[in-house]
Amino acid sequence: MTGATTTTAPVETPLRRAGHRRAVVAALAAVVLALCWASLTLGGSTADVLRTLAGQGDGGEAFVVLRLRLPRLLLGAEVGVALALAGALFQTVLRNPLASPDILGVSGGASLAAATAILVGGLSGAAVSLAALGGAVAVAVAIYLLAWRGGVSGYRFVLIGVGIAFMVNAGIGYLITRADVNDVREALVWMVGSLGTPPWGDVAVLAVALAVLLPGVAALAGPLRVLELGDDTAGGLGVPREAARLAVLGVAVALAAVATAFAGPVAFVAFVSAPVARRLLPTAGLALVPSALVGVALVLAADLAGQHLLGLKVPVGIVTGVIGAPYLLWLLATSNRKGRGA
């Protein structure tokens, strides 16, 4: 007796998924390392960079590598990690792909506060960064309080955040029209996002902030996975829903705030990093490490393009905006086709 021969697709076992995930993380790490090396060596000699990193370079080489390129590289990597994780946390806990600090006005709040400090208060340096930090936190608290109705709905949170983002942008526009032209030039950095030439102190402070916040992200990963299953399931499993949601949002806001305080509102990094990471993985779900690596790669690639490939020095936020805006349009178009436009 002969039966029909059937072909079945290979079963996606947990071991196979784990191997795929490790391969994706390794590939992203390799891309990040390649971008790091390109950031240090592009336009120069690899041998000179290696000699300088070993402490044997001359004064000019040490200035270029250790004062100009390496701090910028490290700040870009830190900003990429912070913004990518902030976006992943926002989108996961609110269960909405549009939920990210730049779309909801959190980054805009930092920009408005920084612009106010520069254009109205005449401040500079660390004072402006502190003002940006406070602005981001203030906007996030306002959105949370306005969205609260016996709990926080992701849909309501996003709508209120978008509305506040428009208000914040209007405030920034008003400040620009009323300020002196020379002061506006400095404030514009806080509206587009730029790595600039950061001092080592800024790199160290942001590194300390990440060292404090990243363990919080790791601790919240478990409750966040339960929250992904829905509020009813989370409550049934004993997870305090609103307390866990507030903790996740608090860490996400802190990550976005510290990144924006040192680099300005680098657009769309928080918005696209987690979705790109999830598309690279075999199954959907929480992807914090891949998201962080995607964020670093996006910031470093955008900075390289802005500094070396476009023929003129372009801030990193402009390049990421050019990348992210088409993705937003594509997301909205595909959501509408699937009947999820609301």
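Draft legend 1. Seen up close, the environment of Ala218. Assignment of secondary structure puts Ala218 in helix H9 (residues 200–227). The exposure class assigned to Ala218 is exposed, which follows from its relative accessible area of 55%. C-alpha separation for the pair Ala218 and Leu288, spaced 70 residues apart in sequence, amounts to 8.9 Å.

Draft legend 2. Focus on a nonpolar patch on the surface. Together, Trp37, Leu50, Leu53 and Leu66 give the surface a local cluster of nonpolar side chains, amounting to about 330 Å² of exposed area. Along the chain, Trp37 turns up in helix H1 (residues 14–41).

Draft legend 3. Focus on the packing of helix H5 (residues 106–119) against helix H6 (residues 126–147). Look at H5 against H6: their axes get within 7 Å of each other, and the N-to-C directions meet at 140 degrees. Accordingly, the angle class assigned to the pair H5 and H6 is oblique. Relative to H6, the crossing made by H5 is right-handed. Contacts from Val106, Gly109, Ala110, Ala113, Ala114, Ala117 and Ile118 in H5 reach Val128, Ala131, Ala132, Gly135, Ala136, Val139 and Ala140 in H6.

Draft legend 4. Quick look at empty space enclosed by the protein. Across all of its chains, the model carries one cavity of 30 Å³ or more by this definition. Taken as a whole, the largest cavity spans an internal volume of roughly 30 Å³. Leu83, Pro101, Asp102, Ser107, Pro265, Val266 and Ala270 are the residues that line the largest cavity. Considered class by class, the residues forming the lining of the largest cavity number five nonpolar, one polar and one charged.

Draft legend 5. Region of interest: the pattern of salt bridges. This structure, assessed with the given rule, holds three salt bridges. In this structure, the salt-bridge partner of Glu61 is Arg51, at a minimum N-O distance of 3.2 Å. On the criterion of sequence distance, the pair formed by Glu61 in helix H3 (residues 59–94) and Arg51 in helix H2 (residues 46–53) is long-range, its members being 10 residues apart. Classification of Glu61 as buried rests on a relative accessible area of 16%. Residues Arg72 and Asp303 are paired through a salt bridge, measuring 2.8 Å at the closest nitrogen-oxygen approach. Of this pair, Arg72 sits in helix H3 while Asp303 sits in helix H13 (residues 288–309), and the two are 231 residues apart along the sequence. On the basis of relative accessibility, which here comes to 9%, the residue Asp303 falls in the buried class.

Draft legend 6. Structural detail: the side chain of Arg72. Owing to a relative accessible area of 16%, Arg72 belongs among the buried residues under this scheme. A polar atom in the side chain of Arg72 sits 2.6 Å from the backbone oxygen of Gly196. Among residues more than four places away in sequence, those in contact with Arg72 are Leu195, Gly196, Thr197, Pro198, Asp303 and Gln307.

Draft legend 7. Geometry of unusual backbone geometry. Phi at Arg95 takes a positive value of approximately 55 degrees, unusual for a residue other than glycine. For Arg95, the location among the structural elements is in the loop between H3 and helix H4 (101–104). With phi around 70 degrees, Phe268 is a residue other than glycine that occupies positive phi space. Within the fold, Phe268 resides in the loop between helix H11 (241–263) and helix H12 (269–280). Overall, Phe268 belongs to the buried group, its relative accessible area being 14%.

Draft legend 8. The packing of H3 against H9, seen in detail. For the pair H3 and H9, the least separation of the axes is 10 Å and the interaxial angle reads 20 degrees. Classified by the angle between their axes, H3 and H9 sit roughly parallel to one another. In this structure, H3 meets H9 at a crossing whose hand is left-handed. When its residues are assigned to classes, the contact of H3 with H9 shows 20 nonpolar, one polar and one charged.

Draft legend 9. Spotlight on the packing of aromatic side chains. A full pass over the atoms with the stated rule returns two aromatic pairs. Aromatic pair Tyr144 and Trp148: ring centres 6.0 Å apart, planes at 40 degrees, arrangement tilted. Looking at Tyr144, the relative accessible area reads 14%, which means it is buried.

Procedures and definitions
Residues numbered from 1 in each chain as written. Predicted model: local features only at pLDDT ≥ 70, side-chain atom pairs only at ≥ 80, totals over all residues. Heavy atoms only, no water. Helix = DSSP H or I, 4+ residues; strand = E, 2+ residues; numbered from the N terminus. Buried < 20%, exposed > 50% of the residue type's maximum accessible area, 1.4 Å probe, protein only. Patch = residues over 30% accessible without salt bridge, like charges linked within 9 Å, V, L, I, M, F, W, Y side chains within 5 Å. Areas by Shrake-Rupley, 256 points an atom, 1.4 Å probe, with all protein chains shown as cover. Salt bridge = Lys/Arg side-chain N within 4 Å of Asp/Glu carboxyl O. Axes fitted to C-alpha atoms, helices over the stretch in contact; angles between N-to-C directions. Parallel < 35°, antiparallel > 145°, perpendicular 65-115°, else oblique. Left-handed = near helix turned anticlockwise from the far one by under 90°. Contact = heavy atoms within 4.5 Å. 1 Å grid on protein atoms, 1.4 Å probe; cavity = no way out; pocket = protein on both sides within 12 Å on 5 of 7 lines; lining within 4 Å. Points joined across faces, edges and corners; volume = space filled by probe spheres on them. Nonpolar A, V, L, I, M, F, W, Y, C, P; charged D, E, K, R; others polar. Polar contact = N/O pair within 3.5 Å; in protein donor to acceptor, adjacent residues only side chain to side chain. Phe/Tyr/Trp six-rings, centres within 6.5 Å; stacked < 30°, edge-to-face > 60°.

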